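A structural walkthrough
Below, each chain spelled out in residue letters.
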Amino acid sequence: TPSVSVESIRADFPILNETINGHHLVYFDNAATSQKPMQVMEAMNRYYFHSNSNVHRGAHTLSVRATDCYEGARDTVARLLNAASSREIVFTGGTTDSINLVAYSFSNGLLKAGDEILVSTLEHHSNIIPWQLAAQRCGATVKAIPMDAQGNLLINSYRELLSSNTRLVAVTHVSNTLGTINPVRDIIAIAHEKGIPVLIDAAQSVPHFQIDVQDLDADFVAFSGHKMLGPTGIGVLYAKESWLNQMPPFRGGGGMIQTGSVTIGNTLYNKAPYKFEAGTPNVAGAVGLAAAIDYMNEVGYDFIQQQEEQLLHYALEQLQQLPEVQLAARPEHMASVFSFNVKNAHYSDVATLLDSQGVAVRSGMHCTEPLLSHLQVNGTARVSFAFYNTLEEVDVFIKALQKAIRMLS
Ligand code: PMP
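Residues numbered from 1 in each chain as written. Predicted model: local features only at pLDDT ≥ 70, side-chain atom pairs only at ≥ 80, totals over all residues. Heavy atoms only, no water.

Things to note about the UniProt feature "domain: Aminotransferase class V" (unreviewed entry) in the protein
What counts is decided by this rule: UniProt positions are given in the numbering used here, feature names are shortened, and annotations may be inferred rather than shown by experiment. Strands here are runs of E lasting at least two residues and helices are runs of H or I lasting at least four, both read from the DSSP assignment and numbered beginning at the N terminus.
Within this numbering scheme, the UniProt entry marks residues 26-397 as carrying the feature "domain: Aminotransferase class V" (unreviewed entry). Between the C-alpha atoms that bound residues 26-397 there is a distance of 8 Å. The span itself is 39% helix and 15% strand.

And the structure:
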């Protein structure tokens, strides 16, 4: 394989050449959404130019082409995750949609009054609120694994929280706010000792490192295409086939039925994954996601991880030199995202002053209000890297931050 370099990679991302407020763009908001390489946009265009049709329904050539594109994308996702079968891959609208699918389905017969769902204090709201809604429908309750002041989950407390009433554990692989990498393999093994299934929110992990669902023995894995070089509006729910077979459908409509079974009063459902894909799917989105995965495979997770670790190390080292900067937490195992505040300044002023110098970071609560309450902060500025970022960009960010600090003091 040809050797990859950040320079050659950056040439594939035209948006990285944008000028923002008179400055060269430095994009450090990758945890919110990643940028897209030309290869992804071209694959989607090619699909619309040459193959667009509806899937699974027609005998005509374009419909076969569209079906091949869509099912080929499913196979690409299955290979990425090392799923036992493509039947375990459900296409959804994104992580939020995937988690809602499982939560709704569980609330429709698999949960009862008194049951408990265990999440963690580190979760994104999209891995809390669907469970609240499910719990409210069934009379179940949601509990949370606590964390320490540095954003590490307390695994002993986790063991103690698992009870005979626990029906499901739902935890994030990587915190979108603090970068904590949770020990999900252990979390899964501990739950499985008690026969409890585990859902992993992989929105912030699949873009950065290899996930092997069989090795992890995960029951459910949810992630979004748009955070891993793909388009918005497409996501994945991986689920063990045995679970998909037990679970009732989330949404009803075309494509999710057994042909010849529908009457006004009753319906038999299609097999997985189609049972969970009612209506015309996001075919172009799936094509774009598959092109994104092809692109990541070409770059390779080794390169991605190495580059991002270097960026994280360098940035944290530089930040330590600035006495006005407080890191929100410093987890033991960390992906390439972190939160910080500038003493006596508001995080949104920090982000605005960075933007005025071309540096894009996120500010606010990052959809993790329980986490911020625990840390007793109202919000943070957040930096998140992708493998196309450079050490020079970190230098630009540090200079811009120093200027912002001067202006705010
Ligand atoms: N979980 C985590 C950890 C996330 O970072 C995000 C996106 N910020 C989500 C879930 C939700 O993803 P989406 O908005 O793509 O559904």
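Points about the site of the ligand
Note the following rule: We call a residue near a molecule or strand when any one of its heavy atoms sits within 4 Å of it. Definition of a polar contact: a pair of N or O atoms within 3.5 Å, with one able to donate and the other able to accept a hydrogen when the atoms are protein atoms, and with sequence-neighbouring residues admitted only if both atoms are side-chain atoms. With a 1 Å grid laid over protein atoms only, a set of points is called a cavity when a 1.4 Å probe fits there but cannot get out and a pocket when it is open yet has protein on both sides within 12 Å along at least five of seven lines; lining residues have an atom within 4 Å of a point. More than half of a molecule's atoms within 2 Å of the grid points is what it takes for that molecule to sit in a cavity or pocket. In this classification, the charged set is Asp, Glu, Lys and Arg, the nonpolar set is Ala, Val, Leu, Ile, Met, Phe, Trp, Tyr, Cys and Pro, and all remaining amino acids, among them Gly, are polar.
Taken together, Thr 95, Thr 96, His 124, Ser 126, Thr 172, Asn 176, Asp 201, Ala 203, Gln 204, Ser 224, His 226 and Lys 227 make up the full set of residues adjacent to the ligand. Note that a nitrogen atom of the ligand is positioned 2.5 Å from one of the side-chain N or O atoms of Asp 201. Given that more than half its atoms are within 2 Å of the pocket grid, the ligand belongs to the second largest pocket. In terms of residue class, the shell around the ligand is built from one nonpolar, nine polar and two charged.

So, the pairing of strand S7 (residues 166-172)
Worth spelling out the cut-off: Remark: exposure states derive from per-residue accessible area (1.4 Å probe, protein chains only) relative to the maximum for the residue type, with buried under 20%, exposed over 50%, and partly exposed in between. When DSSP finds two or more bridges between a pair of strands, those strands are recorded as paired. With the strands pointing away from the viewer, any crossover whose connection runs clockwise from the first strand over the helix to the second is right-handed.
Within S7, six of the seven residues are buried, leaving the element largely enclosed by the surrounding structure. Looking at chain direction, S7 and strand S8 (residues 198-201) are connected through four bridges and run parallel. Its bridge partner lying in S8, Thr 172 is registered against Asp 201. What joins S7 to S8 is helix H7 (residues 184-193), and the crossover it makes is right-handed.

Observations regarding the pattern of salt bridges
Condition: The rule for a salt bridge is simple: a side-chain nitrogen of Lys or Arg has to be within 4 Å of a carboxyl oxygen of Asp or Glu.
Inspection of every chain in the model, using the stated rule, returns twelve salt bridges. Residues Arg 185 and Asp 215 are paired through a salt bridge, measuring 2.9 Å at the closest nitrogen-oxygen approach. Residue Arg 185 is located in helix H7, and its partner Asp 215 is located in helix H8 (residues 213-216); the two are separated by 30 residues in the primary sequence. Take Asp 215: its relative accessible area is 42%, and that puts it in the partly exposed class. Taken together, the shared-partner salt bridges in this structure form one network comprising Asp 29, Arg 362 and Arg 382.

Things to note about the sheet that holds strand S9 (residues 220-224)
The condition that has to hold: Interaxial angles span 0 to 180 degrees and are taken between N-to-C directions of axes, which are lines fitted to C-alpha atoms, for helices over the stretch in contact. We call two residues contacting when some pair of their heavy atoms lies within 4.5 Å.
Strand order in the open sheet formed by seven strands is S4-S10-S9-S8-S7-S5-S6, and the pairing between neighbours is mixed. In this open sheet, the two edge strands, each paired with only one partner strand, are strand S4 (89-92) and strand S6 (141-145). With direction set aside, neighbouring strand axes in the sheet form an average angle of 20°. Bridge analysis of S4 against strand S10 (residues 235-239) gives four bridges, and the strand direction is antiparallel. Among the inter-strand pairings, Phe 91 is bridged to a residue of S10, identified as Val 236. Against the sheet, helix H4 (residues 95-107) contacts S4, S7, S8, S9 and S10, and its axis sits at roughly 150° relative to S9.

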